[in-house]
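Tertiary structure, described
So you can see what is in the structure, the chains are spelled out below.
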2 protein chains.
Amino acid sequence: MEDLLKQILKDIVPNENERKKIKEIVQRFKKKTEEAASHYVKEYEVFLGGSVRKDTWISGEADIDLFLLLSPTLPREEFRRIGLKIAEEALKGYKKIKRFAEHPYLEAYVDGIRVSIVPAYKTSKGKWISSVDRTPFHVKYVESNLRDENARNQVRLLKKFMKGIGTYGAEVTVKGFSGYLCELLIIKYGTFKSLLKNAVKWKERTIIDLENYYKGDLETIIRVFPRDPLIVIDPVDPSRNVAAAVSKRTLGRFVSACRSFLKNPSKCFFYPEKREIKIEDEVKRHGKIIFLLLKHGRMVEDILYPQLERLSRKLVRRLEEMGFNILRWRPFSDFKSKSVIFIELESDIISENYLHLGPSFFNEFHEESFLKKNLSKGFFVWIDEDGKWKAIKRRKITNAKEAIKSVLKEGKIIPHGLKEALKAEIFIGGMEELMKRRGLLKFLKDFLTIREFWIGTYEGSN
Amino acid sequence: MEDLLKQILKDIVPNENERKKIKEIVQRFKKKTEEAASHYVKEYEVFLGGSVRKDTWISGEADIDLFLLLSPTLPREEFRRIGLKIAEEALKGYKKIKRFAEHPYLEAYVDGIRVSIVPAYKTSKGKWISSVDRTPFHVKYVESNLRDENARNQVRLLKKFMKGIGTYGAEVTVKGFSGYLCELLIIKYGTFKSLLKNAVKWKERTIIDLENYYKGDLETIIRVFPRDPLIVIDPVDPSRNVAAAVSKRTLGRFVSACRSFLKNPSKCFFYPEKREIKIEDEVKRHGKIIFLLLKHGRMVEDILYPQLERLSRKLVRRLEEMGFNILRWRPFSDFKSKSVIFIELESDIISENYLHLGPSFFNEFHEESFLKKNLSKGFFVWIDEDGKWKAIKRRKITNAKEAIKSVLKEGKIIPHGLKEALKAEIFIGGMEELMKRRGLLKFLKDFLTIREFWIGTYEGSN
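Everything numeric in this text was worked out from a predicted model, so none of it was measured. (Residues numbered from 1 in each chain as written. Chains lettered and ligands numbered in written order. Predicted model: local features only at pLDDT ≥ 70, side-chain atom pairs only at ≥ 80, totals over all residues. Heavy atoms only, no water.)

1. Thoughts on the overall build of chain A
The test is simple: Secondary structure is summarised from DSSP: a helix means a run of H or I of at least four residues, a strand means a run of E of at least two, and numbering begins at the N terminus for each. Relative accessibility thresholds used throughout: buried, under 20% of the residue-type maximum; exposed, over 50%; partly exposed, between the two (1.4 Å probe, protein chains only). Throughout, a residue-residue contact means that at least one pair of heavy atoms, one from each residue, lies within 4.5 Å.
Counting its secondary structure elements, chain A contains 17 helices and 15 strands. When its C-alpha atoms are laid out on the principal axes, chain A stretches across 80 × 55 × 55 Å. By the burial criterion, 54% of the 462 residues in chain A qualify as buried. Summarising the internal contacts of chain A: among those between residues at least 6 apart in sequence, 67% fall at separations of at least 24.

Here's what the structure looks like:
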């Protein structure tokens, strides 16, 4: 494994040329930002953050994050307006994209390098006004705990590994490990290899508290973060779980990949081969796939994707209540013009008849209402061996597409932010319609492809 | 209700003519039995039992049970041989049928009245050798506790009601209330009406201990009879539950019928109308019905029926494991040449694909075996949102008839007593084949008919 890791490092540690180039851009835009800021405010500081500052970026993937720190006395509106103005001036002459975290910020590409200028409040520790205000403290914590170059390269290995297996990034579409989280894990475990060896032993709820804020009081930690499968207390803010974004699925995929890698170290974890699947062949080992297509305008990922997930989850739950057996589901979106929810079912047609469990004969009140309700509809009703009333009922809807249509009509299932999008154009279809829509095939491929590629080492390929 | 009950009683209390006729037959056969016995043994007693002795029979339905009490010193084989010989001699000239309880006995029809001669051991209380030895003690208990003619007529009402709603008889095919149990219930509650009013308040486990053997120690009673939904301690033997045969379904049907009757007293509970159903119409509100036909020779009810039930239950459980949703099932038999098991399913065809739930990613050992097993078969495998491995598997069998065939091939599912019968001829079919087999239509009608007819009063008819 050591040789393999050395070889990977050769590729991912930036060389002097790259460092020089990045340094030059940083200095240039730091200066531009300071200059621009001086026209608008008295107090300001331009602070380089991100992996470039921390020296943990992967060669060829540097992003320059310049934080424009402004006075906490500025009111929010003022802060936003002035922040954007300064960023605009600093990036003059470049094509700018407006992005949104808690506040808007700008990014532009300079010689192929992404440069972001992010306004933040300059506060003291713990007095943060917006969540981005924490960043300088994160940067300083990592800097003082990753002084060793080798340690920083371990972060690079971990990030590359995470990217390879698809668990890197706290975005709503990934639900994975942020760069800061990767750094903290290396601070905790020392090396990439040591982290892997520990990760495969992680239990149902793993808790990492680097600064020992909670003094081992696991009960309190779990009460504070009851749903998070991985809890890494932020060394600069004990009320925050740095791993809050990590879903069970992502955690599971990471741990499983670690296990596979330790057994069978291979380059493919860092550089996964692009897998070409033939949809027609792949579909044979799947259930019935139906899809719900939504057309809409440009939408923000962080807002749209969780709503798509909520809609999918509710839809699936209602379909299950209606008698359908759901195998898998997942939403996709280009965030520009369309989103699609795939639902894979055991069968998209179910039988008309089903067993309805009624009350025990002991319960006079429930017996009466059960009998009245079911007899008036002509259902077959009887007391079964277990002493409970039962009925053979009839489903009105036995077709999954119809079922989705009827559920959507209920209205209340649709998250507020999707109401508009859903009004525009909805299409519900099966495989046939799917194959005709070229624009959806990329999504379909993603849906049908197993991202847990490393399990191929267990037997044949998958 | 009082008028209705009076009217029923007019029909079911035997008149003087009937009593005289019965009395004459009893005396004639008592004498014959005594005479025959005197040829074989020194010690004997002929004891009239049953509802004729207790004066609780329903007009026109008298059965004469003569117990031939023999010395407990007789070895079993000797007892059986001599007992049968005496019975044969006593019934000479009549067409005799050999029946089996714990021991064989004979019955014959005399002027349309069934006369049974049942050998038993004459023992003291509690020293019973065979279960029928208890009978004289039961008879005496009821005699001394039902001295009042009105009380005996209440038993008649109860029996007629039980027969009407189909809960009378401890036979394996009914799983209902024996005559003795009906008598004890009237001894407990005084009148038919009072019993009904109490029965509708019966709870999950009702315990009646007339002689207060257990002094209210319900815990012990439940430990002794853990599965019986109704527990009526035998006044002549505290280790026995007189209601042991009563199933949850029968108990439920009785309680529900009591409730209906109290709300809406009607003659139909005692004299249910024969319901004519049109199978074709009825089938429309049912699921898919498939049947398993067994051809066999004459078989004893008490032996065959529980085995048919066991086979059905196992079959149903296996079908459920294979992915079929079962609505109802029930075996029928003529006990002469054929038995049939009906199984009603949501659908007799299920989809090929199904979701297989695997282990959590935490469990390395299970993960490995799960992956190896499923990947080698080319199933689609992934870690789901809940952090668990899942697979989309393929069913080999998706047709219920095929499924039954394959389950029967496993062999071990078949109860020992049915092995022979099953070897002979088995047929598995659906509705079409069923409609062609006239001999099965009566059974099918029973299967499709609701015996809980009184629920018709709740709404329309069923």
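On we go.
2. Quick word on the interface of chain B and chain A
Where we set the bar: What counts as buried area is the accessible surface, traced by a 1.4 Å probe, that two parts surrender upon association, with contributions from both included. Salt bridge, as used here, is a side-chain nitrogen of Lys or Arg placed within 4 Å of a carboxyl oxygen of Asp or Glu. We define a polar contact as two N or O atoms separated by no more than 3.5 Å, with the added condition that, inside protein, one atom must be a possible hydrogen donor and the other a possible acceptor, whereas residues neighbouring each other in sequence contribute only through side-chain atom pairs. Under the scheme applied, nonpolar residues are Ala, Val, Leu, Ile, Met, Phe, Trp, Tyr, Cys and Pro; charged residues are Asp, Glu, Lys and Arg; polar residues are all the others, including Gly.
Between chain B and chain A, the residue contacts involve 63 residues of the former and 63 residues of the latter. Between chain B and chain A, roughly 5,400 Å² of surface is buried when both sides are summed, and carbon and sulfur atoms account for 59% of that area. Between chain B and chain A we count 8 salt bridges in total. Between Arg313 of chain A and Glu385 of chain B there is a salt bridge, with the nearest N and O atoms lying 2.8 Å from each other. Where chain B meets chain A, there are 23 residue pairs in polar contact (both at pLDDT 80 or more). Of all the elements in the fold, those that place two or more residues in the side of chain B that touches chain A are helix 10 (248-263), helix 12 (301-321), strand 10 (326-333), strand 12 (353-360), helix 13 (364-376), strand 13 (380-383), strand 14 (388-394) and helix 17 (438-448) of chain B. When residues in the side of chain B that touches chain A are grouped by element, the largest group, 9 residues, is from helix 10 of chain B. Split by residue class, the side of chain B that touches chain A holds 24 nonpolar, 13 polar and 26 charged.

3. Description of a positive patch on the surface
Residues and elements named next belong to chain A. Put simply, the test is: A patch consists of residues whose relative accessible area exceeds 30% and which take part in no salt bridge; residues with like charges are grouped when within 9 Å of each other, and nonpolar side chains (Val, Leu, Ile, Met, Phe, Trp, Tyr) when within 5 Å. Using a 1.4 Å probe, the Shrake-Rupley method yields the accessible areas, and only the shown protein chains count as cover for residues. Positive charge is attributed to Lys and Arg, negative charge to Asp and Glu, and no charge count is given to His or to the chain ends. Where a charge lies is defined by one atom per residue type: Lys uses NZ, Arg uses CZ, Asp uses CG and Glu uses CD.
A cluster of basic side chains, namely Arg310, Lys314, Arg317 and Lys419, defines a positive patch on the protein surface. Tallying contributions element by element places helix 12 (residues 301-321) first for the positive patch, with 3 residues. By secondary structure assignment, the location of Lys314 is in helix 12. Note on Lys314: relative accessible area 31%, which makes it partly exposed.

4. Digging into the relation of the copies chain B and chain A
We count it as follows: Least-squares fitting of one copy onto the other uses the C-alpha atoms of those residues that reach a pLDDT of at least 70 in both copies.
By a simple turn and slide, chain B fits onto chain A: the slide is 0.0 Å along the axis, the RMSD is 0.1 Å, and the turn is 180 degrees. Between the two chains, the operation in question is that of a two-fold axis. The position closest to the rotation axis in chain B is occupied by the C-alpha of Ile350 of chain B, lying 4.4 Å away. Most of the interface of chain B is mirrored in chain A: 100% of its interface residues are interface residues there too.

5. Some remarks on the environment of Asn325 of chain A
Residue and element names in this part refer to chain A. The topology assignment puts Asn325 in the loop between helix 12 and strand 10 (326-333). Using a relative accessible area of 39% as the deciding quantity, one classes Asn325 as partly exposed. Distance in space between the C-alpha atoms of Asn325 and Asp348 is 8.7 Å, their sequence separation being 23 residues. In contact with Asn325, other than residues within four places in its own chain, are Leu345 and Glu346.

6. Quick notes on the pattern of salt bridges
As enumerated under the stated definition, the model contains 74 salt bridges over all chains in all. As a salt-bridge pair, Lys442 of chain B and Asp446 of chain B come within 3.7 Å of each other at their nearest N and O atoms. Separated by 4 residues within a single helix, Lys442 of chain B and Asp446 of chain B lie in helix 17, roughly one turn from each other. The class for Asp446 of chain B is partly exposed, based on a relative accessible area of 34%. Through salt bridges that share partners, Arg19, Asp55, Arg152 and Arg156 of chain A make up one connected network.

7. A few points about the packing of helix 6 (residues 149-165) of chain A against helix 7 (residues 179-189) of chain A
Residues and elements named next belong to chain A. The line we're drawing: For every element, the axis is a line fit to its C-alpha atoms; helices are fit only across the contacting stretch, and the angle between N-to-C directions ranges from 0 to 180 degrees. Here the angle decides the label: under 35 degrees means roughly parallel, over 145 means roughly antiparallel, 65 to 115 means roughly perpendicular, and every other value means oblique. In this scheme, a crossing is called left-handed if the near helix is turned counterclockwise away from the far one by less than a right angle; it is called right-handed if the turn is clockwise.
As a packed pair, helix 6 and helix 7 sit with axes 9 Å apart at the nearest point and diverge in direction by 130 degrees. Classified by the angle between their axes, helix 6 and helix 7 sit oblique to one another. You can see that helix 6 and helix 7 cross each other, and the crossing is right-handed. Counted together, Ala151, Gln154, Val155, Leu158, Lys159 and Met162 of helix 6 and Gly179, Cys182, Glu183, Leu185 and Ile186 of helix 7 form the full contact between these two elements. For the contact of helix 6 with helix 7, the class distribution of residues is 7 nonpolar, 2 polar and 2 charged.

8. Focus on the sheet that holds strand 5 (residues 113-121) of chain B
All names here are of chain B. We apply this condition: When DSSP finds at least two bridges between two strands, those strands are taken to pair.
Reading across from one edge, 1-2-5-4-3 is the order of the 5 strands in this open sheet, with mixed pairing throughout. Taken across any chain shown, the strands that pair with only one partner, and hence form the sheet edges, are strand 1 (44-48) and strand 3 (96-100). Taking each pair of neighbouring strands and ignoring which way they run, the sheet shows an average axis angle of 25 degrees. Contacts from helix 2 (residues 16-38) reach strand 1, strand 2 (63-70), strand 4 (104-110) and strand 5 within the one sheet, and its direction differs from that of strand 2 by about 25 degrees. Helix 4 (residues 76-90) rests against strand 2, strand 3, strand 4 and strand 5 of the sheet, and its axis sits at about 155 degrees to strand 5.

9. Quick notes on the side chain of Glu183 of chain A
Residues and elements named next belong to chain A. If you trace the backbone, Glu183 turns up in helix 7. Engagement of the side chain of Glu183 in a polar contact is seen with the side chain of Thr56, the distance being 2.8 Å. Sequence-distant contacts of Glu183, that is, excluding residues within four places in its chain, are made with Lys54, Thr56, Val142, Leu146, Val155 and Lys159.

10. Details of the packing of aromatic side chains
For the record, the criterion: Under the pairing criterion, centres of Phe, Tyr and Trp rings, with the six-membered ring standing for Trp, must be within 6.5 Å; the plane angle then separates stacked pairs below 30 degrees from edge-to-face pairs above 60, leaving the rest tilted. Two limits define a charge over a ring: the Lys NZ or Arg CZ must be within 6 Å of the ring centre, and within 35 degrees of the ring normal.
Overall, the coordinates contain 50 aromatic pairs over all chains when judged by the stated rule. Relative to Phe443 of chain A, the ring of Phe332 of chain A lies with its centre 5.6 Å away and its plane at 20 degrees, an arrangement referred to as stacked. With a gap of 111 residues between them, Phe332 of chain A in strand 10 and Phe443 of chain A in helix 17 (residues 438-448) connect regions that are remote in the sequence. Here Phe332 of chain A and Phe443 of chain A have matching classes, each one buried. An aromatic cluster is present here, built from Phe161, Phe177, Phe192, Trp202, Phe254, Phe261, Phe269, Phe270, Phe453 and Trp454 of chain A joined pairwise through their rings. For the cation-ring pair, Arg437 of chain A lies above Phe427 of chain A, with the distance from its terminal atom to the ring centre recorded as 4.2 Å. Looking at Arg328 of chain B, its charged tip hangs above the ring of Phe447 of chain B, at a distance of 4.2 Å from the centre.

11. Comments concerning the domain arrangement of chain A
Residue and element names in this part refer to chain A. Selection rule: Domain start and stop points were drawn from an automatic or database domain assignment.
Domain parsing of chain A yields domain 1 (14-133), domain 2 (146-273), domain 3 (279-349 + 398-457) and domain 4 (353-394). Of note, the centres of domain 1 and domain 2, computed from C-alpha atoms alone, are 27 Å apart. Taken together, the contacts link 11 residues of domain 1 with 13 residues of domain 2. Together domain 1 and domain 2 conceal approximately 970 Å² of surface at their shared face, both sides included; 45% is due to carbon and sulfur atoms. On the surface where domain 1 and domain 2 come into contact, there are 5 salt bridges. One salt bridge in this structure joins Arg156 and Asp55, with 2.6 Å as the shortest N-O distance.

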